[in-house]
Amino acid sequence: MQIITAIKEMQEKIAQYKHNGMTIGFVPTMGFLHEGHLSLVQEAKQKADLVVMSIFVNPLQFGPNEDYDRYPRDIVRDEQLAKNAGVDILFYPEVTEMYKDTRYFHISVSGLVDVLCGSKRPGHFDGVVTVLIKLFNIVLPTYAFFGKKDAQQVAVVMKMVEEFNFPIKIIPVETVREEDGLAKSSRNVYLTSEEKQEATVLYKSLQLAKTLIEEGETNSRSIIEKMTRFIQNHSQGNIDYIEIYSFPNLKPLPNLQGHVLVALAVRFTNVRLIDNILLEI
Ligand code: PAF
């Protein structure tokens, strides 16, 4: 596995591979890798000739009171995991390399972000889109792989690629879960052992929603109320949101039909967790 930290070197390498007609599968991450990231690598290996992973904790997508400084980092462990998973190139730039000058342009996402995490984390998707535009221009991927755990990110990135004509196919990949249903996340390390048990309420409440919908419930409000009660009765977590929208347009659904996204965010002492399910009705 090659490790590259300079943008120019990365671009030169990519140009060589492209010249040789190779397809590139790209897995952008913020590191502290877990099985979720590694499943993106497996998908990328199936589809592309060369797998590039980036590890970059992107300061632009964290709000002033969020966890940028304490976001978990362990590059030595990540390098080993990426290598074992079969990553060909690990792109690991410094903040100063990625953001040499940020005075002239500000990317602002104006649709899809007034709901879910976008409404709770102002500016977050501006930062995500900014870094992805840069990473896509550096890596020039044929395919880019994103976990479905952040469904709003998938929706925003798909729209961005369409609107700005990036010749990249976005491939959403299933969420990887612990045996008890808790979605794998770099931020799970912030949970106490008691909270780790309690955090299973996210997935359990989503399963409750799924059952209600399968039994014929079509009213979003009633589903949200039942999920809220379930979470409040089974954990100390504070609900940030529980919302139901069409996917990928993220519009309210008077009656549940089509691609339905049920998504939630719950705060524990030191961490806010998100999860969702996508249903086809
Ligand atoms: O999902 C993430 O880890 C980040 O939002 C991403 C896509 C790597 C952009 O920084």
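Structure: see above.
Remember, it's a predicted structure, so these values are computed and weren't measured experimentally.

Engineer: Would you mind going over the packing of aromatic side chains with me for this structure?
Structural biologist: Ring pairs (aromatic) are described by centroid distance and by the angle formed between their planes. Tallied over the entire structure, the rule returns 6 aromatic pairs. Note on phenylalanine 26 and phenylalanine 136: the rings are 6.2 Å apart at their centroids and 75° apart in plane angle, and the pair reads as edge-to-face. Here phenylalanine 26, found in strand S2 (residues 24-29), pairs with phenylalanine 136, found in helix H6 (residues 124-139); they are 110 residues apart in sequence, far enough to count as distant. With centroids separated by 6.4 Å and ring planes inclined at 50°, the aromatic side chains of tyrosine 143 and phenylalanine 145 adopt a geometry described as tilted. Overall, the relative accessible area of 18% leaves tyrosine 143 in the buried class.

Engineer: Would you explain the sheet that holds strand S7 (residues 238-246) in this entry?
Structural biologist: Spatial strand order, S7-S8-S9: 3 strands in an open sheet with antiparallel pairing. The sheet terminates laterally at S7 and strand S9 (272-280), the two strands that pair on one side only. Here the strands of the sheet are splayed against their neighbours by 10° on average, with no regard to which way each runs. Across 9 bridges, strand S8 (residues 259-267) lies against S9 in antiparallel orientation. Paired with histidine 259 across the two strands is glutamate 280, which belongs to S9. The strands touched by helix H9 (residues 200-214) are S8 and S9; relative to S9, the strand with the most contacts, the crossing angle is about 20°. Seen against the sheet, helix H10 (residues 220-234) touches S7 and S8 and runs at an angle of roughly 155° to S7.

Rules used throughout
- Residues numbered from 1 in each chain as written.
- Predicted model: local features only at pLDDT ≥ 70, side-chain atom pairs only at ≥ 80, totals over all residues.
- Heavy atoms only, no water.
- Phe/Tyr/Trp six-rings, centres within 6.5 Å; stacked < 30°, edge-to-face > 60°.
- Helix = DSSP H or I, 4+ residues; strand = E, 2+ residues; numbered from the N terminus.
- Buried < 20%, exposed > 50% of the residue type's maximum accessible area, 1.4 Å probe, protein only.
- Pairing = 2+ DSSP bridges.
- Axes fitted to C-alpha atoms, helices over the stretch in contact; angles between N-to-C directions.
- Contact = heavy atoms within 4.5 Å.

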